[in-house]
Amino acid sequence: MKYIYHENKKGAPVFVLLHGTGGTETDLVSLAELLNPEYNVLGIRGNVQENGMNRFFKRHGEGQYDWEDLEFRGNELYAFIEEKAKEYEFKMEDTVLVGFSNGSNIAIQMMLKQPKTFKKAALFAPLYPADVEEKQDFSDVEVFLSLGEGDPIVPESESKRVINLFKERGANVTTAWVNGHSLTQEVAMQAKNWLN
């Protein structure tokens, strides 16, 4: 998988940056710098192509996930992050997942599959259109969710489903609402205040 790694401060937490559809590994670097310039940065490019656009997993249409592929890609991405953790000597528990749209969605997948690993996540415009039976323990998980009012891709009912997915598992959830399917300067500042 294509990626970038920037070390800003030895031993500092690591942002794992996961872009939206059509993005690249550098898309969220300026967001990471705003959130906390001392944190180290691992930006990863999704290795699935949809009409020439990078994604983290396949889908059959807007909001229609290829669940089998999501499962496979989620495991693959987790193994890749694990490999980089060894290479760059950081702990998986010291990572902060930062995702936008498609990146947020695979972040949720990894959090559900590895509930003991990821303790912090800032997820912008997430969508996870499924009822999850298993009740993972997220009591030591902190998550910032940026959700869209009038989002053409994620209906408000689905945004609420994501909030409930974390709350039902005991996560400490902070929410912010923006207009549409966007990542604004204003909500980035709210995420920064949440993180620090």
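Up top you'll find the structure we're talking about.
Here we summarise the structure given alongside this text. Residue numbers here run from 1 along each chain, matching the order of that chain's written sequence. pLDDT decides what is reported in this predicted model: residues at 70 or higher carry local features, side-chain atom pairs at 80 or more are listed and counted, and totals for whole chains, interfaces and linings draw on all residues regardless. The side-chain numbers reported here are obtained from all heavy atoms of the structure, hydrogens and water having been left aside.

Before going further, it helps to examine the pattern of salt bridges. Think of a salt bridge as a Lys or Arg side-chain nitrogen and an Asp or Glu carboxyl oxygen that are within 4 Å of each other. Evaluated as defined, the whole model comprises 17 salt bridges. In this structure, the salt-bridge partner of Glu62 is Arg59, at a minimum N-O distance of 2.8 Å. Residues joined in a network through salt bridges with shared partners are Glu50, Arg55, Arg59 and Glu62.

Locating Gly22 in the fold gives a position in the loop between β2 (14–18) and α1 (29–35). As a C-alpha pair, Gly22 and Gly61 span 39 residues in sequence and 15 Å in three-dimensional space. Should any heavy atoms of two residues lie within 4.5 Å, those residues are counted as being in contact. Excluding its chain neighbours within four sequence positions, the residues that come into contact with Gly22 are Met53 and Asn54. The helix count covers DSSP runs of H or I at least four residues long, the strand count covers runs of E at least two residues long, and both are numbered beginning at the N terminus.

The next subject is the nonpolar core. Leu18, Ile44, Leu97, Leu145 and Phe166 are the most contacted members of the largest nonpolar core, which has 42 residues in total. When neighbours within four sequence positions are excluded, Leu145 is seen to be in contact with Leu123, Pro126, Val162, Ile163, Phe166, Val173, Thr174, Thr175 and Ala176. Think of a nonpolar core as a cluster: buried Ala, Val, Leu, Ile, Met, Phe, Trp, Tyr and Cys residues, connected wherever their side-chain atoms sit within 4.5 Å. Classification of residues uses two cut-offs on accessible area relative to the type maximum, computed with a 1.4 Å probe and protein chains only: under 20% is buried, over 50% is exposed, and between them is partly exposed. Residues Leu17, Phe144, Ala176 and Ala188 belong to the second largest nonpolar core, which totals 24 residues.

A few words now on the pairing of strand β10 (residues 142–149). Within β10, 6 of the 8 residues are buried, leaving the element largely enclosed by the surrounding structure. A pair of strands is considered paired only if DSSP assigns at least 2 bridges between the two. Pairing of strand β9 (residues 120–124) with β10 involves 5 bridges; the strand directions are parallel. Looking at the pairing, Ala122 lines up with Phe144 of β10. The sheet contact formed by β10 and strand β11 (residues 172–179) spans 8 bridges and is parallel. Residue pairing across strands places Val143 opposite Val173, the latter belonging to β11. When the strands point away from the viewer, a crossover counts as right-handed if the path from the first strand over the helix to the second runs clockwise. Each parallel crossover has a hand, and the one from β10 via helix α4 (residues 156–167) to β11 is right-handed.

This paragraph deals with the sheet that holds β10. The strand order across the open sheet formed by 7 strands is β1-β3-β2-β8-β9-β10-β11, and the pairing between neighbours is mixed. Each edge of the sheet is formed by a strand with only one pairing partner; in this case those strands are β1 (3–6) and β11. Going from strand to strand, the sheet's axes swing by 15° on average, the running direction of each strand aside. Direction of pairing for β2 relative to strand β3 (residues 40–44): parallel, over a ladder of 5 bridges. The residue of β3 that forms the bridge with Leu17 is Gly43. Angles shown run from 0 to 180 degrees and are taken between the N-to-C directions of axes, each axis being a line fitted to C-alpha atoms and, for helices, limited to the stretch in contact.

Here we take up the packing of helix α3 (residues 102–113) against α4. Here α3 crosses α4 at 20°, and the two axes come no closer than 12 Å. Put simply, α3 runs roughly parallel to α4. Where α3 crosses over α4, the handedness of that crossing is left-handed. On α4, the residues that touch Ile108, Met111 and Leu112 of α3 are Val162, Leu165 and Phe166. To sort the angles, those under 35 degrees are grouped as roughly parallel, those over 145 as roughly antiparallel, those from 65 to 115 as roughly perpendicular, and the leftovers as oblique. Each helix crossing is assigned a hand: it is left-handed if the near helix lies turned anticlockwise from the far helix by less than a right angle, otherwise right-handed if that turn is clockwise.

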